[in-house]
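Listed here are the chains, written in short residue letters.
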Amino acid sequence: MRFTQSIAPVLLLLTAGVAQAASAWGFDDGSLAVVAKKSGGTSKEKLSQKAPLSKPVSLGSTDTLKLLLTAKDNGKGKRPHQAFLVLQEPESGLEAPFPLTVKESGKAAVQISHKDLPVQLLAATKPLKASVVLASFGSAQGLNTPVFEVKIETDANAPPPTYEKPLRYGKQPEIHHTFGADPKSPPKVISLFFALAVAATLPALFISWVSLGGNLNHLSKAIGAAPLSHATFFGSIMAMEFVFFMYYTSWNLFQVLPVMGAVAAITVFSGTKALGEVQSRRLAGER
Amino acid sequence: MRSLLSLFSLLAFLFAAAVSALSTSGNRLLVILDDVAEKESYSKFLGDLESRGFQLSFESPKSESLALFHLGERRYDHVVFFPTKTKGLGPNLTPNILVDFMNANGNVLVTLTSGTAAPNSLVSLLTELEIQLPADRTNLVVDHFHYDAASAADTHDVLLLPPPTSVRPDIKNYFGAGAGKDDVLAFPRGVGAALGASELLTPILRAPRTAYSYNPKEQAEVVDDVFAAGEQLSLVSAFQARNSARLTLVGAAEMLQDKWFDVEVTKAGANKAAKTFNREFAKRVSGWTFNEIGVLRVNWIEHHLNEAGGNNESNPTIYRIKNDVKYTISLSEYVWTTWSLFTVPANDALQLEFSMLSPFHRLALTPSAAYTSAGESESGYSATFKLPDQHGIFNFKINYKRPFVSNVEEKNTVSVRHMAHDEWPRSFVISGAWPWITGVGVTVAGWLGFCALWMYSAPVGGKRAGSKKTQ
Amino acid sequence: MSADPLQVLASAGKGESTRGLLRVIILLLIAAAAIASRLFSVIRFESIIHEFDPWFNFRATKYLVANGFYNFWDWFDDRTWHPLGRVTGGTLYPGLMVTSGIIYHALRALTIPVDIRNICVLLAPACSGLTAVATYLLTNEMTPSPSAGLLAALFMGIAPGYISRSVAGSYDNEAIAIFLLVFTFYLWIKALKQGSMLWGALCALFYGYMVASWGGYAFITCLLPLHAFVLICMGRYSTRLYVSYTTWYALGTLASMQIPFVGFLPVKTSEHMPALGIFGFLQLLAFLDYVRAAMPSRQFQTFLWMFAGGTFGLSLLGLVLATSAGVIAPWGGRFYSLWDTSYAKIHIPIIASVSEHQPTAWPAFFFDLNMLIWLFPVGVYLCFQELADEHVFIVVYAVFGSYFAGVMVRLMLTLTPVVCVAAAIAVSTLLDTYLRAKLPKPEEIQAAEASEGKKGAKSGLKSTSKPVVGVYAIWGKSMMVSALAVYLLIFVLHCTWVTSNAYSSPSVVLASRLPDGSQHIIDDYREAYQWLRQNTREDAKIMSWWDYGYQIGGMADRPTLVDNNTWNNTHIATVGKAMSSSEEVSYPIMRQHEVDYVLVVFGGLLGYSGDDINKFLWMVRIAEGIWPEEISERSFFTPRGEYRVDGEATEAMKNSLMYKMSYYNYNNLFPPGKAMDRMRNSLLPEVGPTLSTLDEAFTSENWIIRIYKVKDLDNLGRDHTSAAAFDRGHKKAKKASKKRGPRRLRVD
């Protein structure tokens, strides 16, 4: 059904043309030759307006394509105003017309080589579709018929023709930023194991101290000799550690510095006294 | 108070809208004609323009009083050039003045006709825009397959074309949409142009594949060298500058004449006569050129931190790396008389770039119902995304440039800073840090223990005490 | 108390406390003199920040004062290195700014409102006063003579080598760092002499302050271990050394790691490895010492060799492995350039391009140190004579300081303190010898004779007789003393002259003399920066060569692409490429970087040598380092190898943006064909360069600064060259030729 619909206008057009003017453009003696410059060899094909060539011809970089035909209006050789060979790139639909040089008799010819082709056609990967357009003023029905396909063979040695797409406003491919990988921690089990191992050194240290004879036997003596300074000295050392802990958890530098200064002053003052007491014990041979 | 104010402003707006033209960029329209009497043949076209609110002034290029600028300000918002016989347009319409006019956001509609050479000034203006006219300027476009059999059965110089379709599927069809199936455009005795590669150019109406342009004087017998043919031949072309100033080239001035507005034409080979679409097409082409359609407006842009518990300040100047951010832009499109919702064509996308030197993100914005206004004239588009992990000065960039739509180029600069020293996860959260934290604790406890031991330990043996003493 | 003033005066120098008071007064006077001699620039010009880097420090200080310490710490500066930005808080040495901030807030607390700029301007002179005191303390540790310390303080106070970096307005890290350097050395000597943990901890504290202030802290980090190493090699290992070094290293390293910019560098980079190595070595020695006490010496010998050899081998292997695995960074480029002066020129042009990184010329030593330079070896020699631990320090410092000062001009600064100390020792020894030497009493001589027993009575007779020539002679004494006094006076004159003439120019303002001898101020820089500040958008990006980045940021308050903090070589090379390429290449680069204005410095009209054309080859070289196939230094030289700007300049030169911007419209100043570049003494081509992508926006009074505005893309989509040609009235050439190439098809 679809097929008939699409074919119908063409048929209609053809019949109408015939019925109305009984005159239409056509050609005869069509021939296509590809002349190779190096070898001089030519391959020739006959062209007909009824059906296009079944196989695409190939056009090398130094070759010349020659098209010869005789334009006829209702079978009589005549010169049409428009005699084009139109090459079309099938993917983009881009077309380039090549006007034929036509003699009074209707004999027409055109030569095409690579240097005549627009870059888009030159860079085409599929064979170009060639059609012949013959038409003129007046009532004669014009002819626009596909005649052959031509494959563009680029020179393997020369750099291939580059065609850069011109800038056209439109949407562009999306981009998503790829983020760097987050830093990774080792498995928690391992961390936990090592944390415990580190923690275990503390009892080990204390036990070894005790086993080597460490004791706190002089505590009472020291407290007795200088109670205030010993208490504040040891207290200030612990307070300093507490300040560090608070700095780690919540305080900022400006809260820490004054407290630290105060604690340090206490440490120095009480320390001189307390350590003096320790020294006195040492001098007394009790350490 | 506020509502009163807004009511007042609304009234003011309505008043202004009623008085001024409905174009978004002013209503002072200058028409350049050889002879003011010629305007009769364009009476319908000009009447349409007047009825749309334009104030028409007519000038001949030879006129002394003609000036596009007065004290550096534009005197007109739009200019229409009808074909003139003079070769030059005089000192008041030099190409440089016309370029200045476009740089100052003025719009230009140029019409040509075959047989009358286009003035030098216009040719060099068009050349600057990469619109190439045939060298002899009097070329004629013919098509032996699609012509009006009624008026040009023999000369084939009245082309009949279907109303234009979009050159690309992602472009809204502003000129041919809604045309009937049988509507045809008549393009009588026109000049075709070849367009360069410029991205600012778009053909509105392309010639049929079998059409070609020739010089009736030199190439009357046969066409040996063709200027352009087929779809490469642009019959009506549009140029939109970066500042959205528009220039339209209509190849056939006759298209706009009354006689082609309501005339019955017959396609070659067809028996049935059809009405021309020219009047509507002329309205649309002039409407587009004079900023009545295809004009976008950015109502507002807003971006903010999209994080729970985060600062909800609008449009902050600084973000942090890896912040989640929401960006919204509100757009409206002007359609003849009113601002209305803007919808992105089906195959197109409104894209947001987040870029520093090159885009890090390029995302399609999605319509957001929450930001679409109640008055149905503002449509919001938004996107949420995570900022890249690279600090620097970034731009939220909307670069929505499409053929036939006025350019939207919006850049909002924000700084993306690094993590501050107190924004990292705390060390006790990181499992890998546990051994180290334990180490710190052990050292502290060991130090306190050592202090106690050193100060309060009693000697256990004489030898040990002795060795300590020497130190 | 006698009323006779003469007697008071005579007795003044006698008592110990009076001497102390006198010393304090003299020190205060020296400090005052040190400060006063640095104020030339303020008096001559005004209270203004000098040169380049100080502008950044000033700006950072303002930020600190305005936003508080923690915001400063986390400062992300989005007005430099556009569009990368700079994590400024983490990439600077905050000591200087924090010091100024503390002074500012302290003065505010005392209700003395002082402009932060004045604090910044006067910080360096104030610190120089402190440096003089610190030098006094350091020298006092070296010699028992109290006069040496005072002399050293005096030398330090006015030596041009130090003044060059500490005049008022020279608000740079060195201003405060030299004080910290000397004071840290003093504390180190103190700690070493006493073997005291307290002094060691204080030394570490000031070392930490030094690290916070100046990148030159590495000098201390390397010198102290070296001193320790030399002592160990001399067999002078002691528990004093162990205690002081270990305390300093452990606490000092922890302190230094608190600075974000330093972070983990002390355990990661090669520059810090000697300190760590000596730390380990000292632990080893302490252990061996302990073992030696508990072991027979024979066994100990073998144990020592086995142990020492094994440990050394293992640690060396560890170091090599860690370096090759990338755990420890290899030596940095700047470090290599200290050993091989041509290294930088080949590998890191950006370092070599800085004039203060050039090797020192010989006259500079005499210029900066004058007579101290020849007194210096004498002082070192005298140190050799005594050679206690602290004298070894002076010797080691002297050797290394001299070497580095010879390699890099700016390191003259680190040499100056030791030169002052050594020279002071020499002068004071001379003075002591000649002023104090009294005629030995006869009994003493006899005692000496008795002890020696060899020398006959002749000498005794000779010495007892009134000497005419020799150490004890009045004449000899007065000769020597007056000669020294003259030298000292000349030194003072020289220092004052150098300070006044060479080091007191702010370099932001240029001074010149008019023919009638009056001073003429050339104020183009500030004129241009003020223009930028008043006529451009607040976020207008300015592209200039990096030398002017800090000044633009500080004075014009506009974002810049690159500045004197040369952390990103690629970005600088990008600017270099934009400057040295043709307009077609530069324009996309400038668009991509959102450049609004380009600023160039041009000295051709005035004959100002520090202009961009003279620096241009560095831009080319740096750009060539990144894009060797696009930029080539060779193409800027004529075939005969000349660097020319006149008609015979190469095409690359004439087409470069820098050349065009420098000479654009320049020949309009002259009659046709007479355009002259007075800097390079060359006649310029008759037709000046044309610019199509830039518009001239501003040119200062003497053409020193030229500012160009970057044009927007052409509204009609043309390229700028043809748009400019169209504006000038040239029509586009019609492609009328019949023999055209293949048809051009348009794709939509």
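Since the model is a prediction, treat every value here as computed from it, not as a measurement.

(A) Representation of the overall build of chain A. Within chain A one finds six helices and 11 strands. Against the 2.2 N^0.38 benchmark of 19 Å for 287 residues, chain A shows a C-alpha radius of gyration of 51 Å, more extended than a compact globule. C-alpha atoms of chain A, sized along the principal axes, occupy 140 × 45 × 35 Å. Burial statistics for chain A: of 287 residues in total, 37% are counted as buried. If you take every contact in chain A between residues at least 6 apart in sequence, the share linking residues at least 24 apart comes to 67%. For chain A, the accessible area works out to roughly 16,800 Å², and carbon and sulfur atoms hold 65% of it. Between the mean site of the 28 positive side-chain charges and the mean site of the 19 negative ones, chain A shows a separation of 0 Å.

(B) Spotlight on the sheet that holds strand 7 (residues 95–99) of chain A. Residue and element names in this part refer to chain A. Taken together, five strands build an open sheet; the order of strands is 3-11-10-6-7 and the sheet is mixed. Each end of this open sheet is capped by a strand with a single partner; those strands are strand 3 (57–59) and strand 7. Within the sheet, the average angular offset between the axes of one strand and its neighbour, ignoring direction, is 35 degrees. Bridge analysis of strand 6 (residues 82–88) against strand 10 (residues 128–135) gives seven bridges, and the strand direction is antiparallel. From the neighbouring strand, Gln88 faces strand 10, where its bridge partner is Lys129.

(C) Expanded view of the UniProt feature "transmembrane region" (unreviewed entry) in chain A. The UniProt record marks residues 189–210, 222–247 and 253–272 of chain A with the feature "transmembrane region" (unreviewed entry), using the residue numbering of this structure. As annotated, residues 189–210 of chain A has a helix share of 100% and a strand share of 0%, and its two end C-alpha atoms lie 32 Å apart.

(D) Structural detail: the pattern of salt bridges. This model, assessed by the stated rule, comprises 55 salt bridges over all chains. Its salt-bridge partner being Lys126 of chain A, residue Glu91 of chain A comes within 3.9 Å of it at the nearest N-O pair. Of this pair, Glu91 of chain A sits in the loop between strand 6 and strand 7 while Lys126 of chain A sits in the loop between helix 2 (119–122) and strand 10; the two residues are 35 residues apart in sequence, bridging distant segments of the chain. We note a salt bridge from Glu141 of chain C to Lys190 of chain C, for which the minimum N-O separation is 3.3 Å. Separated by 49 residues along the polypeptide, Glu141 of chain C in helix 7 (residues 116–142) and Lys190 of chain C in helix 10 (residues 173–194) bring together distant segments of the chain. Across the pair, Lys190 of chain C and Glu141 of chain C agree in class, each one buried. A network of salt bridges, in which partner residues are shared, links Asp157, Arg189, Glu254 and Lys259 of chain B.

(E) Spatial organisation of the domain arrangement of chain A. Split by domain assignment, chain A resolves into domain 1 (24–152), domain 2 (187–215) and domain 3 (217–287). Each of domain 1 of chain A and domain 2 of chain A was reduced to a C-alpha centroid, and the two centroids are 95 Å apart.

(F) Quick peek at the nonpolar core. By size, the foremost hydrophobic cluster in this structure holds 189 residues, and its most contacted members are Phe155 and Phe185 of chain C. Once you skip the residues sitting within four places of it in the chain, Phe155 of chain C turns out to touch Met371, Leu372, Cys420, Ala423, Ala424, Val427, Leu488 and Phe491 of chain C.

The rules we used
- Numbers given to residues run from 1 along each chain, matching the order in which its sequence is written.
- As they are written, the chains are lettered A onward and the ligands numbered 1 onward, keeping that order.
- Reporting of local features is limited, given that this is a predicted model, to residues whose pLDDT is at least 70; pairs of side-chain atoms are given and counted only at 80 or more, and all residues count toward the totals for whole chains, interfaces and linings.
- The basis for every side-chain value is the complete set of non-hydrogen atoms in the structure, without hydrogens or water.
- Note on conventions: DSSP H or I runs of at least 4 residues are helices, E runs of at least 2 residues are strands, and numbering of each starts at the N terminus.
- Values of the radius of gyration come from C-alpha atoms, whereas the globule rule sets the reference at 2.2 Å times the count of residues to the power 0.38.
- Under the scheme applied here, a residue whose accessible area is under 20% of the maximum for its type counts as buried, over 50% as exposed, and between as partly exposed, the area being computed with a 1.4 Å probe on protein chains only.
- Working rule for contacts: check all heavy atoms of both residues, and any pair within 4.5 Å makes them a contact.
- Calculation of accessible area relied on Shrake-Rupley with a 1.4 Å probe; when residues are assessed, cover is drawn exclusively from the protein chains displayed.
- Just so you know, the count uses Lys and Arg for positive and Asp and Glu for negative, and it drops His and the chain ends.
- Charge positions are represented by NZ for Lys, CZ for Arg, CG for Asp and CD for Glu.
- We call two strands paired when DSSP finds no fewer than two bridges between them.
- Every axis in this analysis is a line fitted to C-alpha atoms, fitted for helices over the stretch in contact. Angles between the N-to-C directions lie between 0 and 180 degrees.
- UniProt positions are given in the numbering used here, feature names are shortened, and annotations may be inferred rather than shown by experiment.
- Any carboxyl oxygen of Asp or Glu within 4 Å of a side-chain nitrogen of Lys or Arg constitutes a salt bridge here.
- Each domain's extent is set by a domain assignment, obtained either automatically or from a database.
- What we call a nonpolar core is a set of buried Ala, Val, Leu, Ile, Met, Phe, Trp, Tyr and Cys residues that are connected through their side-chain atoms within 4.5 Å.

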